[in-house]
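Structural overview for review
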Amino acid sequence: MNSDTSIPAAVLDVGWVNGLAAVRSLGRAGIRVLAVDHRQSALGFRSRYAEPFVCPDPLADETRFVAFVRAFGEVVVFPTHDKELNALARYLDDLPVLAPFPAWELLERVQNKRAQLEEAAAAGIDAPETRYPGSAREARSAATELGLPVLVKPEHPVGFKERFRRQAFRCESVREVEDGYVRAEEFGPMVQELVPGGDETLYTVGSYVSRDGKALGIFCGRKLRQTPRGIGTCRVGEALWVEEVVQAALRLLREFEYFGLSQVEFKRDPRDGRFKLMEINPRLWQWHGLATACGVDLPRIAYADLVGETVPEGSMDGFGKRWAITLLPGERPAPQRPPYVDAVFARDDPKPGLVHLARVVRSALP
């Protein structure tokens, strides 16, 4: 493949901080960045590094969304959420894009929660105890066997997340388990033990793996706080290299023969000290900006590999550095001790921060 830095990058879904971080990462490297979102209000549109493009909503009209991306011609695509990722993966063989993820046949299996657990077992990786009930009554029995509270999780997570705006139902009683099973029935509900421990016991390995199976960039860190707490998205994260977690993540990706960008999340079980698989996300995740701040610029690494450039060094430094969404509407500020990187505010790209600040202030007004 010939190196060609004139190939644009298209960041898909720039409504929030994961898309904004990708726009900044690629733009700072001098790459033309097409920021694509179906909402005029998308925060990433305000970045000085972005050329904004309002697209069809991939959930409302997937065919038009795919045609919209096809019209860009040869671009490197960076989906930051599942709906754009899956829409492109289903048509990947018929698109002129360069993609840091595999086509649908493999991607669908990687996203399948049951397949994740099966491949983890094959790779010798710990995971929470899980049952696969065929009815609400069986779900109730499984919860009793595992011990409450439990999680009711979907085997097929994408549609579940879009409908319920969460990753799982936390159930404190067998009645809640039965209700959760019925609500999630079309998504293949599983009943899983709830591994104890706070947000700070959740560890992430973010990486980019080339098609020949080489990990060209690896980041490791842990969450310190989620929003909402318990089952939510990262509010504060910290760079922390844990070799055991890194090696487990890479083994799991090899088991799937996966290539591209991904986040693999584990939880340290305080009962036995073992790291147990939570999930794989085959895309950029919310706080990948911390990886960039620690020397592992995953969007830039992926771009270089896909267009045939020399891949930049991706060694992780900055251990202990933190990332935070300092201000969120309706929540108390979360400033961190230095050194830390804010998810929104940046000196070289101030407008997204000013827009976000105005939105936070407006939300606080009576």
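This section reports on the structure supplied with the text. (Residues numbered from 1 in each chain as written. Predicted model: local features only at pLDDT ≥ 70, side-chain atom pairs only at ≥ 80, totals over all residues. Heavy atoms only, no water.)

Some words on the sheet that holds strand 6 (residues 150-154)
Reading across from one edge, 5-8-6-7 is the order of the four strands in this open sheet, with antiparallel pairing throughout. Edge positions in the open sheet fall to strand 5 (130-131) and strand 7 (169-171), since each of these has one partner strand only. Strands in contact with helix 6 (residues 136-146) are strand 5, strand 6 and strand 8 (189-193); relative to strand 8, the strand with the most contacts, it is inclined by about 10°. Along the sheet, helix 8 (residues 174-183) makes contact with strand 6, strand 7 and strand 8, crossing strand 7 at roughly 160°. (Pairing = 2+ DSSP bridges. Helix = DSSP H or I, 4+ residues; strand = E, 2+ residues; numbered from the N terminus. Contact = heavy atoms within 4.5 Å. Axes fitted to C-alpha atoms, helices over the stretch in contact; angles between N-to-C directions.)

A word on unusual backbone geometry
Peptide bonds are trans in most cases, and residues, glycine excluded, mostly fall at negative phi. Cis geometry marks the peptide bond from Leu148 to Pro149; its omega dihedral reads -5°. Along the polypeptide, Pro149 turns up in the loop between helix 6 and strand 6. Along the chain, Pro338 connects to Pro339 via a cis peptide bond; the corresponding omega equals -5°. In this fold, Pro339 is placed in the loop between strand 14 (322-324) and strand 15 (340-342). Within the chain, Arg165 stands out as a residue other than glycine whose phi angle is a positive 55°. As for its position among the elements, Arg165 is in the loop between helix 7 (157-164) and strand 7.

Looking at the layout of surface pockets
There is about 1,100 Å³ of room inside the largest pocket. Lining the largest pocket are 40 residues, and of these His81, Lys161, Gln167, Thr233 and Gln286 sit closest to its centre. Among the residues making up the lining of the largest pocket, the classes are represented as 12 nonpolar, 13 polar and 15 charged. By volume, the second largest pocket is sized at about 410 Å³. (1 Å grid on protein atoms, 1.4 Å probe; cavity = no way out; pocket = protein on both sides within 12 Å on 5 of 7 lines; lining within 4 Å. Points joined across faces, edges and corners; volume = space filled by probe spheres on them. Nonpolar A, V, L, I, M, F, W, Y, C, P; charged D, E, K, R; others polar.)

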